Amino acid sequence: MLETINLSKSFKGKKVVQDLNLYLADGESVGLLGPNGAGKSTTISMISTLIKPTSGRITMNGVNAIDKPGEIRRVSGVVPQELALYQELSAYENLKFFGSTYKLRGKELAKAIQQALEFVGLDDRKKDLVRTYSGGMKRRLNIASALLHRPQILILDEPTVGIDPQSRNHILEAVRALNQQEGTTVLYTSHYMEEVEQLCDRLYIMDHGKVIAAGTKEELLRILSTEDKIKVEVNKLDEAFVEQVKTIEGVYKIEVTELQLKIIAAKGTSLISKLVHLTEKHQIQLLNFHTETPSLEDVFLHLTGRTLRD
Amino acid sequence: MRSFIKKDLLIFLRDWKELLTVLLLPIVLVVVLNFAFAGLFDSDDEVTMDLQLAVVNQDNESEVLGQLKERLVHDAAFEEQEAKAVAEAAGEIQPVQLLSDYLESDEVKEWVTVHHLEEKAAAEKVKEGDLDGMLIIPQGYTADSLYANITGEPPTSSLIYKIEEETTTSSALQQFIQGFIEQLNYQFAIQEITDGTGIEAALPNGGLEDIGTAYDFTMTQYFTIALGALFALFVVATVAMKTGVEIRDHIFNRILLANSHPMRFLIGKMAAAVCLIVLQILFVLLVSHFMMGVFPDRSFVFWVGILLMVVLLAFVLSGLAAIYTAVLLRMTSIDAANGIFMLATLLFGTLGGGFFPIYMLPDWLQQIGVWTPNGLFLAILTEWIQFENPSTIVRPSMFMIGFFFLFTFIGLALFPKRGKAQ
Ligand SMILES: Nc1ncnc2c1ncn2[C@@H]1O[C@H](COP(=O)(O)OP(=O)(O)OP(=O)(O)O)[C@@H](O)[C@H]1O
Ligand SMILES: [Mg+2]
């Protein structure tokens, strides 16, 4: 088990991560979610022992990992947000070198390279220079490079940015397989809610360097259990109507897009009947409406007042 | 460790533009500079010249034995009998004969046409520009130079070389005469008179036993080794630049996270630098040699010495690579670091005589030049090419080894403990 206790990091006096507490139990798949600049990468860098925290502790099975970075380095594989590859070497040569840094040799190394290549689907291009790869292929190789030594903990920092949906699915499935079949512990960072929802058992939501919510998906959604979200389509819209909708008791947020209204209101408000009443009064025809189940995206919106990719 | 060296070599060798720069550019420059400087400094370049030289012999050879014997008795207090024997033995060497043999030799005949004239006639023709220069063998010259040789005293009379004005041709002619003087290897001086003002120039002293051991040191040789060393500096800067890319691209972080000791990274760099530099300089030396015959007819030992010196330089420069690597890890701006390395390269290159012949610089600058690794390398090889004498290069080689340890030590001291400064 890996744990952080009140982990903080400042750059030139600016607090980038503040009192972060998180843990990774063996075999778990945990997501770290947050908008740009939330401090995700900084957190990952500290956990993977690349940078030292300003204060706080990191322990690996109870051992202080700040003084003994080897404790974590030995068992973890890190997929950095940036591509960390030799552009002038082929995929095979890259993996061969990185494998050797993990002290893999000979047959063992060759087998590890082969497995990693197949895992990310790059076997047929292994002889080509990385320079000639597409962005998605580079990302895949970036991941493969962290898998050679079969880490017990896999830490991925936004491994899918700028990747087409197909490659993205491939990567997500691969990581999922590692987690479920091999029992690899996964820490997955993203600002794509769908990815984290699909992949992770548990997640942490970060904003401005702080964890603002944590738990399983269900637990987090329960934050919104006191809310209803209704989408309404009408044949025309006027200011007066919108203003009156706003005054309905319990409504606390309205988003207007052309002929659509998104309304968030407290549970138990007799919103629908009141809406119907208002449309009649303004001679507006109600074309369509449905209640939406809240998503994690909504949880984030609820907690921060912003969307994840604002 | 092998994998570290291998990837550095691979990365360097894949960069064909860089490769062409450090391998072919120096050779091209050697060829170009060689032509540019041809005739200015060298006498053995592919320029045809027909030099007209007047030789005025005022010495009477039949009197030599008598004069010599007399002087030995009077001035050097030799016994009559002894003086006679010594004079007869010395008389076997006939400088004037040697001079005319030299001027008539196939090698020189190609370039120089000799006219035997009286002094007045010769002087007139030189003045009118019909002849390029005149060489006067003064009266008593033979006896005097033999006497000087026997007693070890400086000669009182010398060959006199006169030209009307300093031109490429006349100075080339002077080089021929100088070549003769070196061959003859007496202790004597040549007097050069330009526009009537006489300048006395003493030539290097040396005993007869030295004949044939000193090789010519040509411009081509200078350029070959100077440019080889200069571009070795560029190799180091390039290795550093590629290290900068590794750091910028977070590859170094990946290596750290593999729990690989950062020192492996550093030592791998140094080893790769040694390999690259040895290959690069040997390539430049050998290709230049086979193209232009830079080092004609040299022994196996000579080449072994060259190889040793090249390896030594490669080690010193690998120490420099260690410093660069450590600096890169400490600096936040990789571009700024690269700028510093380029400046260092140009500075070392200039001071060490990479850009133009070091002996054209003022003395004090030459002194500084020897304190750069490439300058020292140049000095050692200059010595080795001329004398091929191991004892003269041992001391400077020690300095090279000193450089290696100093640089490596600085590199290690600057190298961040955890592999990365924060
Ligand atoms: N080395 C550094 N020096 C100074 N500030 C830094 C440094 N690294 C990160 N920061 C700052 O810390 C904050 C958090 O950065 P971080 O990279 O951790 O965010 P992130 O959550 O990973 O964002 P993204 O989704 O864009 O990757 C940012 O404001 C960033 O400017
Ligand atoms: Mg990030």
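Within an unreviewed UniProt entry, the label attached to chain B reads ABC-2 type transport system permease protein, and the organism entered is Terribacillus aidingensis. Taken verbatim from the UniProt record of chain B, the Subcellular location (unreviewed entry) comment is "Cell membrane".

Looking up chain A in an unreviewed UniProt entry gives the name ABC-2 type transport system ATP-binding protein, with the organism given as Terribacillus aidingensis.

**A short note on the UniProt feature "domain: ABC transporter" (unreviewed entry) in chain A**
With numbering matched to this structure, UniProt assigns "domain: ABC transporter" (unreviewed entry) to residues 2-233 of chain A. Overall, residues 2-233 of chain A shows 34% helix and 30% strand. The separation of its end C-alpha atoms is 49 Å.

**Observations regarding the coordination of the magnesium ion (ligand 2)**
Residues and elements named next belong to chain A. Within the protein, S41 (OG) and Q81 (OE1) serve as the donor atoms for the magnesium ion (ligand 2), at 1.8 to 2.1 Å. Note that S41 is positioned in helix α1 (residues 40-47) and Q81 in the loop between β6 (76-79) and α3 (91-101), a separation of 40 residues in sequence. On the accessibility criterion, S41 (24% relative accessible area) is partly exposed. The exposure class of Q81 is partly exposed, given its relative accessible area of 25%.

**Points about the interface of chain B and chain A**
Listed per partner, the contact involves 22 residues of chain B and 33 residues of chain A. Roughly 2500 Å² of surface becomes buried between chain B and chain A when both sides are summed, with 55% attributable to carbon and sulfur atoms. A salt bridge links B:R14 to A:E93, with the nearest nitrogen and oxygen atoms 2.8 Å apart. Our enumeration of links across chain B and chain A arrives at eight residue pairs in polar contact (both at pLDDT 80 or more). Those elements that provide at least two residues to the side of chain B that touches chain A are α1 (2-14) and α11 (251-257) of chain B. For the side of chain B that touches chain A, the element with the highest residue contribution is α1(B), accounting for seven residues.

**Details of the domain arrangement of chain A**
Residues and elements named next belong to chain A. Segmenting chain A into domains produces domain 1 (2-221) and domain 2 (225-304). Relative placement of domain 1 and domain 2: their C-alpha centres are 40 Å apart. Tallying the contact residues gives 12 residues for domain 1 and nine residues for domain 2. Buried surface at the junction of domain 1 and domain 2, both sides included, amounts to about 890 Å², of which 79% is carbon and sulfur. Applying the counting rule to domain 1 against domain 2 returns zero salt bridges. Taken together, the links from domain 1 to domain 2 amount to zero residue pairs in polar contact (both at pLDDT 80 or more). If you tally residues by element for the side of domain 1 that touches domain 2, the top one is strand β9 (residues 202-207), at four residues.

**Remarks on a nonpolar patch on the surface**
Residue and element names in this part refer to chain B. A cluster of nonpolar side chains, contributed by W16, L20, L24, L25, V28, V32 and F283, occupies part of the molecular surface with about 630 Å² of accessible area. The element best represented in the nonpolar patch is helix α2 (residues 16-36), accounting for six residues. Locating V28 in the fold gives a position in helix α2. Classification of V28 as partly exposed rests on a relative accessible area of 45%.

**Side note on the packing of helix α10 (residues 219-248) of chain B against helix α12 (residues 262-292) of chain B**
All names here are of chain B. Two numbers describe how α10 lies on α12: the axes approach to 9 Å, and their chain directions differ by 150°. One way to sum up the angle between α10 and α12 is to call them roughly antiparallel. As α10 packs across α12, the resulting crossing turns out to be right-handed. Facing T220, T224, I225, G228, A229, F231, A232, V235, V236, V239, T243 and E246 of α10, the residues of α12 in contact are F265, K269, L276, I277, Q280, I281, V284, L285, S288 and M292. Looking at the contact of α10 with α12 residue by residue, the classes come out as 14 nonpolar, six polar and two charged.

Basis of the calculations
- Residues numbered from 1 in each chain as written.
- Chains lettered and ligands numbered in written order.
- Predicted model: local features only at pLDDT ≥ 70, side-chain atom pairs only at ≥ 80, totals over all residues.
- Heavy atoms only, no water.
- UniProt positions renumbered as here; feature names shortened; annotations may be inferred.
- Helix = DSSP H or I, 4+ residues; strand = E, 2+ residues; numbered from the N terminus.
- Donors = N, O, S within 2.8 Å, 3.2 Å for Na, K, Ca; no water.
- Buried < 20%, exposed > 50% of the residue type's maximum accessible area, 1.4 Å probe, protein only.
- Contact = heavy atoms within 4.5 Å.
- Buried area = accessible area lost by both parts, 1.4 Å probe.
- Salt bridge = Lys/Arg side-chain N within 4 Å of Asp/Glu carboxyl O.
- Polar contact = N/O pair within 3.5 Å; in protein donor to acceptor, adjacent residues only side chain to side chain.
- Domains from an automatic or database assignment.
- Patch = residues over 30% accessible without salt bridge, like charges linked within 9 Å, V, L, I, M, F, W, Y side chains within 5 Å.
- Areas by Shrake-Rupley, 256 points an atom, 1.4 Å probe, with all protein chains shown as cover.
- Axes fitted to C-alpha atoms, helices over the stretch in contact; angles between N-to-C directions.
- Parallel < 35°, antiparallel > 145°, perpendicular 65-115°, else oblique.
- Left-handed = near helix turned anticlockwise from the far one by under 90°.
- Nonpolar A, V, L, I, M, F, W, Y, C, P; charged D, E, K, R; others polar.

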